[in-house]
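Structural overview for review
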Amino acid sequence: MPASLARRRAIIVGAGQSGLAVAAALSAEGLRPQQDFVVIDAAAPGQRSWSSRWHSMVLLSDARHSALPTRRHPGDQRLHPRVDEMVDYLKVVEAGIGVETAWNIHVTGVERRGDGTTLHLSTTVGEVQTRNIVCATGAAAHPRLPEWATALSVPGVAIHTSSYQYPRQIPTRDVLIVGGGNSGLQIARELAASHTVTVAVRTRRAHRPLASYPLAAGGRRPLFGGDLRPEPVFGDSYERLQQAGVRVVPAVTDARGGAVTFADGTTASPGSVIFATGYLPGDDWLPDEARIRGPRRTTTPVPGLFVAGFPQYSRRGVDTIAGVSADATAIAHHIINRP
């Protein structure tokens, strides 16, 4: 294990918006980066998750609501940052805090042995001991694919939105987008100018104005209980896309070879498919006991192990760059106050 990671009061796993928010909060409490705490990340140097988003993507929130409290975005606060601007912004935040992220370090597990206060963090460069570990590896870390995806074979490409970059990447004229959330609709809008686009939607989502995103982001549970309602779609809507020539159909329920079957029993043979089917959280390296759900905002049943930026461990909206600061502040207070 590199000496730079040993004997630190806290280790933050993840150098994205959540990890840097926690770093900023710890710094505000007087802890020193590289001396009292360190930040590690599995990616290549500087390759945060924003770096892999499609080229034309812009945030649903404007610049004012796409920043950490420690540093605002430059320029017009009413504009919506592009992904490359977000990458640059996080680099500026990192430098401003004084964090020197240790890249290319994959975390494989963490455990508490006995009744002591020390946590053992297993990584691809060895094991390190520390008193506090923050999981900031993202609520949307791993592409989620439907079970039938492996049975699909199309003449063009079949990719998740995490691999989509620009329209020329789709070699066939027609493309099926599986998923009717915000990512699916944004990509459908971009491809509509050059492709014949079909969007398969499981549940039509409520439509909200783009300006409402900071308050309406994330799924909601009905006031009197019931299933979680999916996040609304912002800005664009199914009706507007249909007016632009996009076909909206029911969800895909199965696939065999080059054919897909929709929920209404009809079939189609798309040239290419884009899976806008969301992501799985990056908490798979946490021990089972830490993933017990309950009223534990940012904390886990494992003393000294915290989670930042995951709604399932906190509340709705903490997976946004503006919302994660509340998690970060709470975690910093816990770490400072631990005996």
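Above this text is the structure in question.
1. So, the sheet that holds strand S9 (residues 174-178)
The strand order across the open sheet formed by 5 strands is S8-S17-S9-S10-S13, and the pairing between neighbours is parallel. Where the open sheet ends on each side, the last strands, each with one partner, are strand S8 (158-160) and strand S13 (247-250). Pairs of neighbouring strands in the sheet enclose a mean axial angle of 20°, with direction left out of account. In this sheet, strand S17 (residues 272-275) lies alongside S8 in parallel orientation, the contact comprising 3 bridges. Each bridged residue has a counterpart across the sheet, and for isoleucine 159 the counterpart in S17 is isoleucine 274. The sheet strands contacting helix H3 (residues 182-191) are S9, strand S10 (196-201) and S17, and the helix crosses S9 at an angle near 170°.

2. Examining the side chain of aspartate 62
Note that aspartate 62 resides in the loop between strand S2 (37-40) and helix H2 (83-97). Although buried, aspartate 62 forms no salt bridge, and the nearest oppositely charged side chain, arginine 64, lies 4.5 Å from it. Ignoring sequence-local partners within four residues, the contact set of aspartate 62 consists of Gln77, Arg78, Leu79, His80 and Pro81.

3. Some words on the pattern of salt bridges
The final tally for this structure, using the stated rule, is 11 salt bridges. Note that glutamate 239 and arginine 204 form a salt bridge whose closest N and O atoms lie 3.7 Å from each other. Of the two residues, glutamate 239 sits in helix H5 (residues 238-243) while arginine 204 sits in the loop between S10 and strand S11 (207-208), which places them 35 residues apart along the sequence. Arginine 256 is the salt-bridge partner of aspartate 254, the closest N and O atoms lying 2.9 Å from each other. Taking relative accessible area as the criterion, aspartate 254 reaches 27% and is therefore assigned partly exposed. Since its relative accessible area comes to 58%, arginine 256 is described here as exposed. Residues joined by salt bridges that share partners form a network here, namely Arg82, Asp84 and Glu85.

4. A short note on the sheet that holds strand S1 (residues 10-13)
Pairing is parallel in the open sheet, where 4 strands are placed in the order S2-S1-S6-S19. For this open sheet the edge positions go to S2 and strand S19 (305-307), each flanked by a neighbour on one side alone. Here the average twist between neighbouring strands, direction ignored, is 20°. Bridge count between S1 and S2: 4 bridges; the pairing is parallel. Within the sheet, the bridge partner assigned to isoleucine 12 lies in S2 and is valine 39. Across the sheet, helix H1 (residues 17-28) touches S1, S2 and strand S6 (132-135), and the angle it forms with S1 is around 155°. Of the strands in this sheet, S1, S6 and S19 are in contact with helix H6 (residues 324-337), which crosses S19 at around 170°.

5. A few points about the packing of aromatic side chains
Tallied over the entire structure, the rule returns 4 aromatic pairs. For the pair tryptophan 54 and tyrosine 164, a centre-to-centre distance of 6.4 Å together with 55° between the ring planes defines the contact as tilted. Of the two residues, tryptophan 54 is situated in the loop between S2 and H2 and tyrosine 164 in the loop between S8 and S9; the sequence distance between them amounts to 110 residues. Each member of the pair, tryptophan 54 as well as tyrosine 164, is classed as buried. Looking at arginine 168, its charged tip hangs above the ring of tyrosine 166, at a distance of 5.1 Å from the centre.

6. A word on the pairing of S10
Of all the 6 residues making up S10, 5 are buried; the element is thus mostly covered by neighbouring parts of the structure. Looking at chain direction, S10 and S13 are connected through 4 bridges and run parallel. Bridging across to S13, valine 199 finds its partner in valine 248.

7. Regarding the nonpolar core
In summary, soluble globular proteins display a tendency toward joint burial of nonpolar side chains. Of all hydrophobic cores here, the largest spans 58 residues; its most connected members are Ile12, Leu26, Phe37, Ile177, Leu191 and Ile274. With residues up to four places along the chain from it excluded, the contact list for leucine 191 reads Tyr164, Pro167, Ile170, Val175, Ile177, Val197 and Ile274.

8. Structural notes on H1
Taking 1.5 Å as the rise per residue, H1 with 12 residues should run 16 Å; its terminal C-alpha atoms sit 16 Å apart, in good agreement. Most of H1 sits inside the fold, with 10 of its 12 residues counted as buried. In this structure, the buried residues of H1 make contact with S1, S2, H2, S6 and H6.

9. Quick word on the packing of H1 against H2
Helix-helix packing is characterised by the crossing angle of the two axes and by the distance between the axes. In the contact formed by H1 and H2, the axes pass within 10 Å of each other and the chain directions differ by 25°. Relative to H2, the element H1 is oriented roughly parallel. Considering how the two elements wind past one another, H1 and H2 form a crossing that is left-handed. From H1, Gln17, Leu20, Ala23, Ala24 and Ser27 reach across to H2, where they touch Leu90, Val93, Glu94 and Ile97. Per-class residue counts for the contact of H1 with H2 are 6 nonpolar, 2 polar and 1 charged.

What counts and what doesn't
Residues numbered from 1 in each chain as written. Predicted model: local features only at pLDDT ≥ 70, side-chain atom pairs only at ≥ 80, totals over all residues. Heavy atoms only, no water. Pairing = 2+ DSSP bridges. Helix = DSSP H or I, 4+ residues; strand = E, 2+ residues; numbered from the N terminus. Axes fitted to C-alpha atoms, helices over the stretch in contact; angles between N-to-C directions. Contact = heavy atoms within 4.5 Å. Buried < 20%, exposed > 50% of the residue type's maximum accessible area, 1.4 Å probe, protein only. Lys, Arg positive; Asp, Glu negative; His and termini not counted. Salt bridge = Lys/Arg side-chain N within 4 Å of Asp/Glu carboxyl O. Phe/Tyr/Trp six-rings, centres within 6.5 Å; stacked < 30°, edge-to-face > 60°. Lys NZ or Arg CZ within 6 Å of the ring centre and 35° of its normal. Core = buried A, V, L, I, M, F, W, Y, C linked by side-chain atoms within 4.5 Å. Expected span 1.5 Å × (residues − 1). Parallel < 35°, antiparallel > 145°, perpendicular 65-115°, else oblique. Left-handed = near helix turned anticlockwise from the far one by under 90°. Nonpolar A, V, L, I, M, F, W, Y, C, P; charged D, E, K, R; others polar.

Geometry only, nothing functional implied.
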